[in-house]
Amino acid sequence: MAKVLGPLGKSKRHPLLPRSHSRNGGKDLIEMELHAAKEILAEVFGITIPEVEEMIRQRSEERMLWPERFWLEE
């Protein structure tokens, strides 16, 4: 373990990002991250992936109905 840590206790290792030679590499990465986020939400809330997707859809509709901020006209 001491060989991996630098003088300040920080790891010298860097995360490896998947590299893709196709034009859709970034899109694939985003899709993988979105799926991972859905799995985390399902685990945290104790629900299924379709239920997570429904929860996201409902939240998205709420954001369309209610703005983030209300502006007062003077």
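Notes on the structure in this doc start here. Source: prediction; values computed, not measured.

Let's talk about the overall build of the protein
When you go through the protein residue by residue, the secondary structure sums to two helices and zero strands. Sorting the 74 residues of the protein into buried and exposed places 7% on the buried side. Carbon and sulfur atoms form 59% of the exposed surface of the protein, whose accessible area is close to 7800 Å².

Observations concerning a nonpolar patch on the surface
A surface patch of nonpolar side chains, about 400 Å² in accessible area, is lined by Ile40, Val44, Phe45 and Met55. For the nonpolar patch, the element with the highest residue contribution is helix H1 (residues 25-45), accounting for three residues. For Val44, the location among the structural elements is in helix H1. For Val44, a relative accessible area of 61% gives the class exposed.

Considering the pattern of salt bridges
As enumerated under the stated definition, the model contains three salt bridges in all. With a closest N to O distance of 2.4 Å, Arg57 and Glu54 form a salt bridge. Here Arg57 and its partner Glu54 are both found in helix H2 (residues 49-65), three residues apart, which amounts to about one turn of the helix. Exposure remark for Arg57: the relative accessible area of 38% places this residue in the partly exposed category.

A few points about the environment of Lys38
Of note, Lys38 is situated in helix H1. For the pair Lys38 and Glu51, spaced 13 residues apart in the sequence, the C-alpha separation amounts to 9.6 Å. Sequence-distant contacts of Lys38, defined by excluding residues within four places in its chain, comprise Ile49, Val52, Glu53 and Ile56.

Focus on the environment of Ala42
Take Ala42: it is sitting in helix H1. Taking the C-alpha atoms as reference points, Ala42 and Val52, 10 residues apart in sequence, are found 6.1 Å from one another. Excluding residues within four positions of it along the chain, Ala42 makes contact with Ile47, Thr48, Ile49 and Val52.

Thresholds applied
- Residues numbered from 1 in each chain as written.
- Predicted model: local features only at pLDDT ≥ 70, side-chain atom pairs only at ≥ 80, totals over all residues.
- Heavy atoms only, no water.
- Helix = DSSP H or I, 4+ residues; strand = E, 2+ residues; numbered from the N terminus.
- Buried < 20%, exposed > 50% of the residue type's maximum accessible area, 1.4 Å probe, protein only.
- Areas by Shrake-Rupley, 256 points an atom, 1.4 Å probe, with all protein chains shown as cover.
- Patch = residues over 30% accessible without salt bridge, like charges linked within 9 Å, V, L, I, M, F, W, Y side chains within 5 Å.
- Salt bridge = Lys/Arg side-chain N within 4 Å of Asp/Glu carboxyl O.
- Contact = heavy atoms within 4.5 Å.

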